[in-house]
Amino acid sequence: MRLAELSERSGVSTATIKYYLREGLLAPGRQINTTTAEYDEEHLRRLRLIRAMIQVGRVPVATVKEVLGHVDDDSLPRAMRLGAAVWALPQVPEPDADDEFVQGARVAMEELLRTLGWANAQAMTSVSPSFRSLVVAAAALRRLGYDWSPETLVPYARLMRQVAELDMEFMESHVSEAEKAEVAVLGAVLVEPMLQALHRLAQEEESTRRYGFE
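The next thing to look at is a nonpolar patch on the surface. A cluster of nonpolar side chains, Val191, Met194, Leu195, Leu198 and Leu201, forms an exposed patch at the surface whose accessible area comes to about 450 Å². Counting through the fold element by element, Val191 comes out in helix H10 (residues 177-211).

Take a look at the structure:
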């Protein structure tokens, strides 16, 4: 398809597509002559992925470029490829290591991982953005006087392990390594908000069941 058709089918303006091409987010089309290129279904799929990350996930363009660079890096083993792509997404900043609440939360969350027997997560605590997010949230709760202990979090974590297994099964249903990496990224950008929404809906349902509308 020509650029105009790619624009029409994707709903993205030609000017924006040209910008993505210049920035390297979208691969160049097959050059027909000096002024015209041809695009295929792969370009359309990638363009829709870019728009979902930017418009729905609110991911900055520069970050999208970095994430897609990892998605397309077939030199990496699968686990590293998936991890690099997801870790490139916006993450919480490093907390103050001297903060007593952060220190206490870190010790507690490390204990949680030991209790769960999550050996890989234990080995990655110094670099994992996910573990950092866990510590930051736990520290904030402690600062407010609400200590979510490892014992309290264990059943939640085990439910999340089941969710992760479902995630991996869905990812593995896709054929190419690039598609698997894309699914992992979309899981972080789009599926996590869906799960959060389902969690809140479940809370509303359970609250109404227990307490009614009074």
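Our next topic: the pattern of salt bridges. For the structure shown, the criterion picks out 13 salt bridges. Residue Glu94 pairs with Arg106 through a salt bridge whose shortest N-O separation is 4.0 Å. Taken as a pair, Glu94 in the loop between helix H5 (78-87) and helix H6 (100-116) and Arg106 in helix H6 lie far apart in primary sequence, 12 residues in all. Exposure remark for Glu94: the relative accessible area of 55% places this residue in the exposed category. Given the relative accessible area of 25%, Arg106 is considered partly exposed.

By size, the foremost hydrophobic cluster in this structure holds 31 residues, and its most contacted members are Tyr20, Ile50, Met53, Val64 and Val67. Every element with two or more residues in this core is listed here: helix H1 (3-10), helix H2 (14-23), helix H3 (41-56), helix H4 (61-71), H5 and H10. No other element matches the 6 residues that H3 contributes to this core. Those residues in contact with Tyr20, other than ones at most four positions away along the chain, are Val12, Leu25, Leu26, Leu47, Ile50, Arg51 and Ile54. One finds Val102, Leu113, Leu116 and Ala157 within the second-largest nonpolar core, a separate group that totals 14 residues.

Attention shifts here to the packing of aromatic side chains. Applying the stated criterion across every chain yields a total of 2 aromatic pairs. Geometrically, the ring pair formed by Tyr19 and Tyr20 is tilted, given 6.0 Å between the ring centres and 45° between the ring planes. Accessibility expressed as a relative area gives 2% for Tyr20, which makes it buried.

Further remarks concern H3. Under the 1.5 Å per step criterion, the end-to-end length of H3 is 22 Å for 16 residues, consistent within 8% with the ideal 22 Å. Of all the positions in H3, only His43, Leu44, Arg46, Leu47, Leu49, Ile50, Arg51, Ala52, Met53 and Ile54 are classed as buried. Against H1, H2, H4 and H10 lie the buried residues of H3. Two or three places before Glu42, at the start of H3, stands the capping residue Asp40, its side-chain oxygen 3.1 Å from that residue's backbone nitrogen. Positive backbone phi, at 60°, marks Arg58, one or two positions downstream of H3.

How each quantity is defined
- Residues numbered from 1 in each chain as written.
- Predicted model: local features only at pLDDT ≥ 70, side-chain atom pairs only at ≥ 80, totals over all residues.
- Heavy atoms only, no water.
- Patch = residues over 30% accessible without salt bridge, like charges linked within 9 Å, V, L, I, M, F, W, Y side chains within 5 Å.
- Areas by Shrake-Rupley, 256 points an atom, 1.4 Å probe, with all protein chains shown as cover.
- Salt bridge = Lys/Arg side-chain N within 4 Å of Asp/Glu carboxyl O.
- Helix = DSSP H or I, 4+ residues; strand = E, 2+ residues; numbered from the N terminus.
- Buried < 20%, exposed > 50% of the residue type's maximum accessible area, 1.4 Å probe, protein only.
- Core = buried A, V, L, I, M, F, W, Y, C linked by side-chain atoms within 4.5 Å.
- Contact = heavy atoms within 4.5 Å.
- Phe/Tyr/Trp six-rings, centres within 6.5 Å; stacked < 30°, edge-to-face > 60°.
- Expected span 1.5 Å × (residues − 1).
- Polar contact = N/O pair within 3.5 Å; in protein donor to acceptor, adjacent residues only side chain to side chain.

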